[in-house]
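A look at the structure
Now for the letters of each chain:
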Amino acid sequence: MSPFTKQILAELYADDPSLQAQEAELIRMIETVIATRLAAQLNIAFRHSLRSQILRAVSDRAEKKKLTNVFMPMRIWKYAAPAAVIAIAVLVWQFDVIKFTPSGPSGAGVTISRVGAEAFGNLSGGERQSFASGQSLTKTTALVIGEDAVASRTTVIDPSSEVKRYEFVYTNVLTLPNLPVLRRQSNLARSSLTSALANAGGLNLESFTNLQVDAVTLTENREDGYSLTYNFQEGTVYLNRQFGAGIETSVRETSLLAPDSIGQIRATDVPSDAELISIANSFLADHGISRKGLGRPVVRKDYLFNQTTTTGEKLMAVEDQPVDLYYPSDLTVVYPWDVNGQTVVDESGYAYGLNVIVNVVTNQVTSVSNITPLTFQSSDYALETDSEKTMAVVSRGGLYNYQPEPAEGVSTVQITLGAPESGYVLIRYQLGDGTHDYLVPALIFPIAKVPAGETLYQTAVVVPLVKELLDQAGGLGGELEVKPLPAETLPSGEPGSGDGAANQ
Amino acid sequence: MSAHTYRMDEQAIIADCQAGRMDRFGELYDEYVERIYAFIFSRTRHRETAQDLTSTTWLKAMDRLPSFKRGSFQAWLYTIARHAVIDYYRTNRPAEDLAARIDLASSDQVEHQVADRLSLQKVQTWLDQLPSDRREIIQLRLWDQLPFREIATITGKSEASCKMTFSRTIREMRGQILISLMTGLIITLAYVTFY
């Protein structure tokens with residue numbers, strides 16, 4: 001009997017325990033229904049073709065967006081040139097194109113202005129979205145074990161499937177830092193740019209209410225040139241290479257289409273980290289993109305997570321046959337923000353900052369994202385001072401992690417953590433007026449030792465230290481109860497509420 | 001824990017896409033394309049149609065990703081795929097029930113033993129006769145192995161209602177199928193005896 005069938009039985013018995021008397025019959029019936037599904041083998045050529053079609057569509061859409069962002073909606077082509085000149089002048093004035101050289105009390109490249117205590121309101125309340133998880137912080141946060149079981153803290157998991165309890169161990173004494181919370185300011189002012197366009201095209205823009213520029217795209221007028229998109233809503237600049245007809249087809253196809261799918265890129269094709277960082281450094285220097293306020297660059301390696309164990313052994317595709325390692329055509333060099341002398345990570349522990357994407361086939365930069373002035377407001381919040389409470393979060397691997405309780409059928413895997421660094425974790429809130437980025441003081445524990453053969457999908461344990469966030473975690477994450485028989489009901493939750501499906 | 005954490009990374013990819021790094025959309029495609037194709041193929045039973053609808057699903061997903069806010073990306077994607085299938089049948093085969101296209105005799109499935117084939121046919125007949133909303137919940141749970149929370153999102157029903165429908169339908173099925181399966185076994189015995 002498969003684990004999935006066991007899970008289905010557990011669900012049925014939860015509803016009607018008398019069904020257990022007909023278990024053999026139910027198993028056959030369930031497995032027969034499953035067998036009625038037609039086996040589907042996705043044609044590999046179709047898969048590649050569709051992937052390339054989508055990537056082309058992505059590229060085409062970016063092209064179209066460039067045209068429509070500012071000028072197309074207003075049908076002002078013949079007036080566009082002078083408006084563009086003014087607009088670019090304003091951009092240059094505002095951003096020194098993309099060379100940000102802010103100065104401030106906290107060090108080169110970073111500006112921090114102080115505001116009153118708890119000036120950003122309740123950090124744990126409201127409709128918010130964590131950057132890494134994207135999950136709203138409600139008490140219905142769920143755990144997925146394997147591909148089958150979905151459970152919350154009050155749900156009982158079928159223990160016959162493989163259930164592991166990960167115990168993150170750090171034995172030394174904690175030193176809790178005392179840092180303020182920072183809020184990034186999206187201070188790419190757009191009012192001047194809006195004014196610059198006010199009379200272009202003969203339209204009376206004053207007749208529109210609260211008209212503002214959301215985004216502007218500048219594009220190099222050459223084959224395979226770059227485009228720069230100024231996103232005023234987020235206060236960031238995004239730089240992206242526009243592949244056109246001029247690039248060699250073979251190069252384009254190799255670099256954009258095929259390798260991701262069919263694994264043509266081999267380990268020997270991938271430049272070393274030092275080479276990738278050198279390419280990224282040169283690009284930033286050539287284009288005057290400041291590295292002030294940014295720490296030492298690192299190359300992201302999370303593409304290996306589904307392919308190797310944490311200790312580096314290849315996972316098995318089938319028995320005794322290791323996977324062929326897949327290398328993406330584009331690798332990311334991250335220049336982490338260095339704010340107040342503290343490194344910044346996302347909630348999964350990855351370095352967070354300026355991203356430079358390098359194509360490993362062409363050794364050229366294809367995009368740079370998250371170019372932004374490092375300007376923050378600083379506000380004091382009550383931080384957790386109770387080491388024991390903090391360690392309780394550490395031991396389960398993070399604020400919103402679930403771990404099953406020790407029980408029969410639950411194996412415990414001990415993960416040894418290294419000495420923590422203090423730093424900031426980026427928490428992104430999606431509010432009605434857009435995206436808000438907060439840097440919350442945190443302890444970042446590196447994963448020091450993982451038992452052989454284990455795959456762990458995180459490189460660090462990140463514990464935000466703002467007290468209200470830790471207090472709230474009492475109702476999130478935590479331990480799962482595992483019993484032989486399922487609980488009576490699952491929590492109803494709010495299916496579909498706010499889901500993307502509702503957006504269709 | 002691992003799957004949970006993986007999904008956290010998925011949301012980071014979505015956030016990147018929404019921030020303009022649509023080049024990362026390919027990673028979502030790689031993760032889900034097989035499952036979406038299998039979902040569509042099992043409901044259309046026609047390779048080219050399934051490929052067309054898979055294309056439609058992904059292009060729509062790409063267009064709509066900026067408006068994806070939160071929740072399960074998988075459920076969101078399956079919802080788009082489901083609508084693509086529904087639209088296809090509305091446009092192309094208005095009078096034909098979706099499940100009626102299933103024809104085990106001409107399917108691509110591996111040939112089954114006689115007894116298994118009979119069982120499959122009985123169960124398939126039972127599935128075909130179910131009201132479409134109940135059949136869909138059975139298929140989403142047993143074929144696609146989706147959790148009830150996501151099934152609720154996809155079908156627009158409550159999670160509790162989906163669970164109840166599933167449980168009730170399986171209970172009813174048990175009684176009806178039992179007789180059919182017994183009949184099948186007798187026929188199999190007769191088949192083996194005489195041939």
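For the structure, see preceding data.
Just so it is clear, the structure is predicted and the values come from calculations on it, not from any experiment.

**Brief notes about helix α3 (residues 47–64) of chain B**
One turn of an α-helix holds 3.6 residues; hence residues three or four places apart share an orientation. When the terminal C-alpha atoms of α3 of chain B are compared, their 25 Å separation across 18 residues agrees well with the 26 Å that a helix rising 1.5 Å per residue should span. Residues of α3 of chain B that are buried: T49, A50, Q51, L53, T54, S55, T57, W58, A61 and M62 of chain B.

**A few points about the packing of helix α1 (residues 3–15) of chain A against helix α2 (residues 23–35) of chain A**
Residues and elements named next belong to chain A. Following both chains from N to C, one finds α1 and α2 inclined at 125 degrees, their axes separated by 10 Å at the closest point. Judged on the interaxial angle alone, α2 and α1 are oblique. The crossing of α1 and α2 is right-handed. On α2, the residues that touch F4, T5, I8, L9, L12 and Y13 of α1 are E23, L26, I27, I30, E31 and I34. In terms of residue class, the contact of α1 with α2 is made up of nine nonpolar, one polar and two charged.

**Looking at the pairing of strand β12 (residues 330–336) of chain A**
Residues and elements named next belong to chain A. In terms of burial, β12 is largely enclosed, as six of its seven residues are buried. Pairing geometry for strand β9 (residues 298–299) and β12, over two bridges, is antiparallel. Bridged to V298 within β12 is V334. Relative to strand β15 (residues 353–359), β12 runs antiparallel, the two sharing seven bridges. Paired with V333 across the strands is V356, a residue of β15.

**A closer look at the packing of aromatic side chains**
One pass over the full model with this rule turns up 15 aromatic pairs over all chains. For the pair W337 of chain A and Y352 of chain A, a centre-to-centre distance of 5.1 Å together with 85 degrees between the ring planes defines the contact as edge-to-face. With W337 of chain A in the loop between β12 and β13 (338–339) and Y352 of chain A in the loop between β14 (342–345) and β15, this residue pair connects regions lying 15 residues apart in the sequence. Owing to a relative accessible area of 8%, Y352 of chain A belongs among the buried residues under this scheme. With centroids separated by 5.2 Å and ring planes inclined at 65 degrees, the aromatic side chains of Y29 of chain B and W58 of chain B adopt a geometry described as edge-to-face. Placement of Y29 of chain B in helix α2 (residues 25–44) and of W58 of chain B in helix α3 is noted, with a sequence separation of 29 residues between them. Considered together, Y29 of chain B and W58 of chain B belong to a single accessibility category, that of buried residues. Site record: aromatic cluster; members linked through ring pairs are Y32, F68, F73 and W76 of chain B. Across the ring face of Y350 of chain A, the terminal group of R300 of chain A is positioned such that the distance to the ring centre comes to 4.1 Å.

**Let's talk about the side chain of T390 of chain A**
Residue and element names in this part refer to chain A. With respect to the helices, strands and loops of the structure, T390 is situated in helix α8 (residues 387–395). Its relative accessible area of 0% is what places T390 among the buried residues. Among the polar contacts listed, one links the side chain of T390 to the backbone oxygen of D386, at a separation of 2.9 Å. Sequence-distant contacts of T390, defined by excluding residues within four places in its chain, comprise L174, L176, E384, V463, L465 and L470.

**A closer look at α1 of chain A**
Compared with the 18 Å implied by 1.5 Å per residue over 13 residues, the 19 Å span of α1 of chain A between its first and last C-alpha is a close match. Those residues of α1 of chain A that sit buried are F4, T5, Q7, I8, L9, A10, L12, Y13 and A14 of chain A.

Rules of the game
- Residues numbered from 1 in each chain as written.
- Chains lettered and ligands numbered in written order.
- Predicted model: local features only at pLDDT ≥ 70, side-chain atom pairs only at ≥ 80, totals over all residues.
- Heavy atoms only, no water.
- Helix = DSSP H or I, 4+ residues; strand = E, 2+ residues; numbered from the N terminus.
- Expected span 1.5 Å × (residues − 1).
- Buried < 20%, exposed > 50% of the residue type's maximum accessible area, 1.4 Å probe, protein only.
- Axes fitted to C-alpha atoms, helices over the stretch in contact; angles between N-to-C directions.
- Parallel < 35°, antiparallel > 145°, perpendicular 65-115°, else oblique.
- Left-handed = near helix turned anticlockwise from the far one by under 90°.
- Contact = heavy atoms within 4.5 Å.
- Nonpolar A, V, L, I, M, F, W, Y, C, P; charged D, E, K, R; others polar.
- Pairing = 2+ DSSP bridges.
- Phe/Tyr/Trp six-rings, centres within 6.5 Å; stacked < 30°, edge-to-face > 60°.
- Lys NZ or Arg CZ within 6 Å of the ring centre and 35° of its normal.
- Polar contact = N/O pair within 3.5 Å; in protein donor to acceptor, adjacent residues only side chain to side chain.

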